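Chain by chain, the residues:
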Amino acid sequence: MSTSPARLVVLVSGAGTNLQALLDACADPSYGARVVAVGADRDDIEGLARAERAGVPTFVKKVGQFSSRESWDRAMAETVAGFEPDLVVSAGFMKLAGEHFLARFGGRYVNTHPALLPSFPGMHGAADALDYGVRVTGATLFIVDAGVDTGPILAQTVVAVEDDDTVESLHERIKGAEREMLVDAVGRMSREGFRIEGRKVRYGAPVH
Ligand SMILES: Nc1nc2c(c(=O)[nH]1)N[C@@H](CN(C=O)c1ccc(C(=O)N[C@@H](CCC(=O)O)C(=O)O)cc1)CN2
Ligand SMILES: NCC(=O)N[C@@H]1O[C@H](COP(=O)([O-])[O-])[C@@H](O)[C@H]1O
């Protein structure tokens, strides 16, 4: 029995290479998902241009346009809800979701981070790993919660840190592995379903 593809809303703040990987994967009907909207917290970013080239609706909600962070959070929740997503994916989205957004999408909102959480949370994961001197780092896909990069982990991928790495070279290497991880995990979530059991996340619909 054919089921309709999972509806994805993707949130971005920059280049959108992770978004592009999802757009490319969704072109295959067997992937089981489609990007129904792309949202951002800022204008004039390549991530929005990628969505427009793909014919995907976009929206921008800047915190500074709202009287409070809470009203921005509420507007984000209502705008995303209008696209009726099955799953919200933030890929380079540089804003923390608040209580209104999490009330609507908590448990079906994932984020990809360019470090092996719980190490190096925040906005500079690749730089922090390089500065610390780790020999391996990578990327993490997790279910977003009210903390900062503290949610239950669904997938991780590992890359080596080279002696001559700069932040840029390391982050580019991470992003290559990250895009594969993201496409694989989102596809499985879309086709197989998933369930959250404490701090564990498992593919497959809930047993009961
Ligand atoms: N409630 C949550 N929302 C989001 C999370 C999360 O873990 N919990 N992850 C982020 C993505 N991210 C790391 O992977 C991340 C993004 C932004 C920040 C942050 O400190 N943002 C500040 C400053 C923003 C700015 O300077 O533009 C903020 O939002 O005020 C930390 C981690 C996605 N959402
Ligand atoms: N803490 C959030 C964070 O640092 N996110 C990171 O931003 C990059 C966006 O790249 P992209 O715009 O090319 O997809 C990705 O590496 C993602 O993990």
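Basis of the calculations
Residues numbered from 1 in each chain as written. Chains lettered and ligands numbered in written order. Predicted model: local features only at pLDDT ≥ 70, side-chain atom pairs only at ≥ 80, totals over all residues. Heavy atoms only, no water. Helix = DSSP H or I, 4+ residues; strand = E, 2+ residues; numbered from the N terminus. Buried < 20%, exposed > 50% of the residue type's maximum accessible area, 1.4 Å probe, protein only. Near = heavy atom within 4 Å. Polar contact = N/O pair within 3.5 Å; in protein donor to acceptor, adjacent residues only side chain to side chain. Areas by Shrake-Rupley, 256 points an atom, 1.4 Å probe, with all protein chains shown as cover. 1 Å grid on protein atoms, 1.4 Å probe; cavity = no way out; pocket = protein on both sides within 12 Å on 5 of 7 lines; lining within 4 Å. Sits in = over half its atoms within 2 Å of the grid points. Nonpolar A, V, L, I, M, F, W, Y, C, P; charged D, E, K, R; others polar. Points joined across faces, edges and corners; volume = space filled by probe spheres on them. Axes fitted to C-alpha atoms, helices over the stretch in contact; angles between N-to-C directions. Parallel < 35°, antiparallel > 145°, perpendicular 65-115°, else oblique. Left-handed = near helix turned anticlockwise from the far one by under 90°. Contact = heavy atoms within 4.5 Å. Pairing = 2+ DSSP bridges. pLDDT = per-residue confidence, 0-100.

Here we look at the environment of Glu-180
Among the secondary structure elements, Glu-180 is positioned in helix H6 (residues 167-192). Given the relative accessible area of 65%, Glu-180 is considered exposed. Along the primary structure Glu-180 and Asn-18 are separated by 162 residues, whereas in three dimensions their C-alpha atoms are 8.9 Å apart.

Regarding the site of ligand 2
The local shell around ligand 2 holds 14 residues, among which Gly-16, Thr-17, His-171, Lys-175 and Glu-178 are the closest. In this structure, Asn-18 approaches ligand 2 through a main-chain N or O atom, which is 2.9 Å from an oxygen atom. Thr-112 is positioned with one of its backbone polar atoms (N or O) 3.3 Å from an oxygen atom of ligand 2. Alone, ligand 2 offers 450 Å² of accessible surface; in the complex the protein occludes 94% of this. Here ligand 2 occupies the largest pocket. In terms of residue count, the dominant contributor to the shell around ligand 2 is H6 (3 residues). Along the lines of polarity and charge, the residues of the shell around ligand 2 split into 3 nonpolar, 9 polar and 2 charged.

What to know about empty space enclosed by the protein
Taken as a whole and assessed by the stated rule, the structure comprises 1 cavity of 30 Å³ or more. As a volume, the largest cavity reaches approximately 40 Å³. In terms of lining, the largest cavity is formed by Leu-11, Trp-72, Asp-73, Met-76, Phe-93, Ala-97, Phe-101 and Tyr-109. Counting residues per element, the lining of the largest cavity draws most heavily on helix H3 (residues 69-81), at 3 residues. Class assignment for the residues of the lining of the largest cavity results in 7 nonpolar, no polar and 1 charged.

Comments concerning the packing of helix H1 (residues 17-26) against H6
Two elements in contact, H1 and H6, have axes separated by 9 Å at closest approach and are oriented at 40°. Accordingly, the angle class assigned to the pair H1 and H6 is oblique. Here H1 and H6 pass one another in a crossing that is right-handed. Touching Thr-17, Asn-18, Ala-21, Leu-22 and Ala-25 of H1 are Lys-175, Glu-178, Arg-179, Leu-182, Val-183 and Val-186, all from H6. Of the residues in the contact of H1 with H6, the class split is 6 nonpolar, 2 polar and 3 charged.

Considerations on the pairing of strand S6 (residues 136-143)
A large share of S6 lies buried, amounting to 7 of its 8 residues. Summarising the sheet, strand S5 (residues 109-113) and S6 pair through 4 bridges and their orientation is antiparallel. By the bridge assignment for S6, Asn-111 is matched with Phe-142.

Concerning the confidence of the model for the chain
The pLDDT averaged across the chain works out to 97; a share of 98% of its residues lies at or above 70. The complex prediction reports pTM at 0.98, with the ipTM value standing at 0.98.

Things to note about the pairing of strand S9 (residues 200-203)
In this structure, strand S8 (residues 194-197) lies alongside S9, joined through 4 bridges in antiparallel fashion. In the strand pairing of S9, Phe-194 is matched with Tyr-203.

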